[in-house]
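# Structural characterization, general
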Amino acid sequence: MDSEAVAREMLRAFNENDWEAFRATLADGFVYREHGTGRDASGADAAVELIRGWKDGLGPEHHGELVDVMACGERCALQVVWRAHHVGPMPAPDGSMIAPTNRPVATPACMAMTMADGRIAVMDHYFDSLALMLSIGGGTAG
């Protein structure tokens, strides 16, 4: 598969809660950096655990709506809007937990990926954490 096909398969697997297929898109030495929270993970299994945790707070219907794809060789970027409802406790920036509000979430994001041997080796995930916190009532504006 080319880089775009691998990236699309990763997003499909996340959206459908197909964790075996999601893990299969990642290289064993996968490096994940989540720029919206400052969290990261090294190794595919650790990254799956971290990424899967988003479904705890935002529910199994939490999904990425694909907006655009940019691919060139071993590099690919997906522009998405993460959509869900806040159905479980989520950590606030200050470390406290935000109780479920069932409010809708629409968070713009971009995942920049580098492939190796047909799988994702590195992912930098950029998303608007302020928009996320404001949508669930975990922050204040201005």
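Note that the structure is a prediction, hence the values are computed from the model and not measured. (Residues numbered from 1 in each chain as written. Predicted model: local features only at pLDDT ≥ 70, side-chain atom pairs only at ≥ 80, totals over all residues. Heavy atoms only, no water.)

### Some details on helix α1 (residues 3-15)
Since the α-helix turns once every 3.6 residues, residues separated by three or four places project in the same direction. Its 13 residues place the ends of α1 18 Å apart at the C-alpha level, agreeing with the 18 Å of an ideal helix rising 1.5 Å per residue. Taken as a whole, α1 has its buried residues at S3, V6, A7, M10, L11, A13 and F14. An end-on view of α1 places all buried positions within 165° of arc, on one side of the element. Directly beyond the C-terminal end of α1, a positive phi value near 55° is found at N17. (Helix = DSSP H or I, 4+ residues; strand = E, 2+ residues; numbered from the N terminus. Expected span 1.5 Å × (residues − 1). Buried < 20%, exposed > 50% of the residue type's maximum accessible area, 1.4 Å probe, protein only. Arc of directions from axis to C-beta.)

### As for the pairing of strand β8 (residues 119-127)
Where strand β1 (residues 26-34) and β8 come together, 5 bridges link them in parallel fashion. Within the sheet, the bridge partner assigned to E34 lies in β8 and is H125. Of the strand pairs in this sheet, strand β7 (residues 104-116) and β8 are connected by 8 bridges, and their pairing is antiparallel. Bridge pairing in β8 links M113 to M123. (Pairing = 2+ DSSP bridges.)

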